[in-house]
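Residues per chain are reported as follows:
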Amino acid sequence: MRILIIEDEPDVAAFVKKALLEENHAIDIAHDGVKGEDLALSEAYDLIILDLMLPQKNGLAVLKTIRKEGIQTPILILTAKGNVPDRVAGLDAGADDYLVKPFAVAELRARVRSLLRRQSGDKISLLKTGDLTLNTVNHEVRIKEELIELTSREYSILECLLRNKNRLLSKGLIAEHVWDFHFSSDYNLIEVYIRRLRKKIESKSQQKIIHTIRNSGYIIRDIEE
Ligand code: CA
């Protein structure tokens, strides 16, 4: 998934980025409110992590603009402002969750997982088709019982396709959700990763899992076992 962090303190931004990279997400960072708002309005994110005290434009104003523009991306406020009126103002302005600094990295990751699940409509953390399962909590991918070793990019692409089961995804759309901002223009790499993924998965599975739709993209269909 692709996540935007709007946070002016470089240490905090780097810490959050590292925590989420370990969960195989693609991360963009904006260090002020104006840049953050620009990115939130122009790029496709699956989640936004928003600080409140920001230079140029404060987080609450950024949040209000994002919602006013009709963008429904889940937003997690991550701030030192922990009193009740601040929390209420953030949630009432359209944030989905609120985490107060200092925070435990395990809790941040769990809240991010929860927001991403909620967004995709999954109540459970197991994504499935046929004999393939992907566990979004521990990142294990299995064919039947057998564990399949994937790189983090391969995992991210597979997760993206599985979360959007039965939907045709263009290379551009996959890239937008899997690569960060610096790499999102390189759509052709997707072909390379899909080829590797197929080799690892479909050699073990009884079924064809990733279907190519020529000149359009890729789709994983629901297969009843
Ligand atoms: Ca700040």
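Here the structure is shown first, and the text comes after it.
Criteria and cut-off values
Residues numbered from 1 in each chain as written. Predicted model: local features only at pLDDT ≥ 70, side-chain atom pairs only at ≥ 80, totals over all residues. Heavy atoms only, no water. Helix = DSSP H or I, 4+ residues; strand = E, 2+ residues; numbered from the N terminus. Expected span 1.5 Å × (residues − 1). Buried < 20%, exposed > 50% of the residue type's maximum accessible area, 1.4 Å probe, protein only. Arc of directions from axis to C-beta. Contact = heavy atoms within 4.5 Å. Donors = N, O, S within 2.8 Å, 3.2 Å for Na, K, Ca; no water. Phe/Tyr/Trp six-rings, centres within 6.5 Å; stacked < 30°, edge-to-face > 60°. Core = buried A, V, L, I, M, F, W, Y, C linked by side-chain atoms within 4.5 Å.

Draft legend 1. Representation of helix α5 (residues 105–120) in the model. The first and last C-alpha atoms of α5 sit 23 Å apart over 16 residues, in line with the 22 Å expected at 1.5 Å per residue. Every buried residue belonging to α5 is among L108, R109, V112, R113, L115 and L116, and all of these are buried. Considered in projection along α5, the buried side chains sweep an arc of 165 degrees and stay on one side of the axis. Check the buried side of α5 and you find it contacts β1 (2–6), α1 (10–21), β3 (47–50), β4 (75–79), β5 (97–100) and α6 (152–163).

Draft legend 2. Structural context of the coordination of the calcium ion. Listed as protein donors to the calcium ion are D8 (OD), D51 (OD) and M53 (O); their distances from the metal cover 2.1 to 2.3 Å. Of the residues examined, D51 reaches a relative accessible area of 3% and is grouped as buried.

Draft legend 3. Molecular detail of the packing of aromatic side chains. Per the counting criterion, the structure on display carries one aromatic pair. Between the aromatic rings of F15 and F103, the centroid separation amounts to 6.0 Å while the plane-to-plane angle is 50 degrees, which identifies the pairing as tilted. With F15 in helix α1 and F103 in the loop between β5 and α5, the pair connects residues that are 88 residues apart, well separated along the chain. By relative accessible area, which is 43% here, F15 ends up partly exposed.

Draft legend 4. Up close: the nonpolar core. Counting residues in each nonpolar core, the largest one holds 27 residues, and the members touching the most others are I157, L158 and L161. Breaking this core down by element, the ones donating at least two residues are β7 (132–135), β8 (141–143), α6, α7 (171–178), α8 (189–202) and β11 (217–220). Beyond its immediate stretch of four places on either side in the chain, L161 contacts L169, I174, I194, I210, Y218, I219 and I220. In this structure, I6, L50, I71 and I77 belong to the second largest nonpolar core, which totals 19 residues.

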